[in-house]
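# Geometric and topological summary
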Amino acid sequence: MTTVLGLDHVQLLVSRGGEQQCRDFYLGVLGLTEIERPAAARGRAFLWVAAGRQQVHFRVDPDFRPSPIAHAAFLVDDLDALERTLIGVGFEPSRAQTATQGRFHVEDPFGNRLEFMQSGVQP
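Residues numbered from 1 in each chain as written. Predicted model: local features only at pLDDT ≥ 70, side-chain atom pairs only at ≥ 80, totals over all residues. Heavy atoms only, no water.

So, on to helix α1 (residues 19-29). Among all positions in α1, only Cys22, Phe25 and Tyr26 are buried. For α1, the buried positions fall inside an angular range of 80° around the axis, keeping them on one side. Once α1 finishes, Gly31 follows within two positions and takes phi at roughly 75°, a positive value. (Buried < 20%, exposed > 50% of the residue type's maximum accessible area, 1.4 Å probe, protein only. Helix = DSSP H or I, 4+ residues; strand = E, 2+ residues; numbered from the N terminus. Arc of directions from axis to C-beta.)

Here we come to the side chain of Asn112. In this fold, Asn112 is placed in the loop between β6 (103-107) and β7 (113-118). Within the structure, Asn112 has its side chain in polar contact with the backbone oxygen of Leu13 (distance 2.9 Å). Sequence-distant contacts of Asn112, that is, excluding residues within four places in its chain, are made with Leu12, Leu13, Phe64, Pro66, Val106 and Glu107. (Polar contact = N/O pair within 3.5 Å; in protein donor to acceptor, adjacent residues only side chain to side chain. Contact = heavy atoms within 4.5 Å.)

Any link to function would need more than the numbers given here.
Here is the structure:
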């Protein structure tokens, strides 16, 4: 039997024409680092970023509609500082639907639900 060892990457979709807005948010606001895509992915995903040892890949979907529930969750080293940064640039973090303390949700510019969790906080 095979054992699943973890996650390598998550792919998020964005609306057509949203490539620069995606870069501005994920690279600029969140401070993630762009990584090189293999040649085979260059015609599909337009941006890959490192999130610790994992990656997030972004792809345009002309029929994109965000899910109200599905989400990616990111570990961060200073949740309060990130919350202040997000509020400062016009995003609205919410703790209303979090399972435990030390986390919040926010929507990216496309309506993708994201969760941010303070590293080291136990559920």
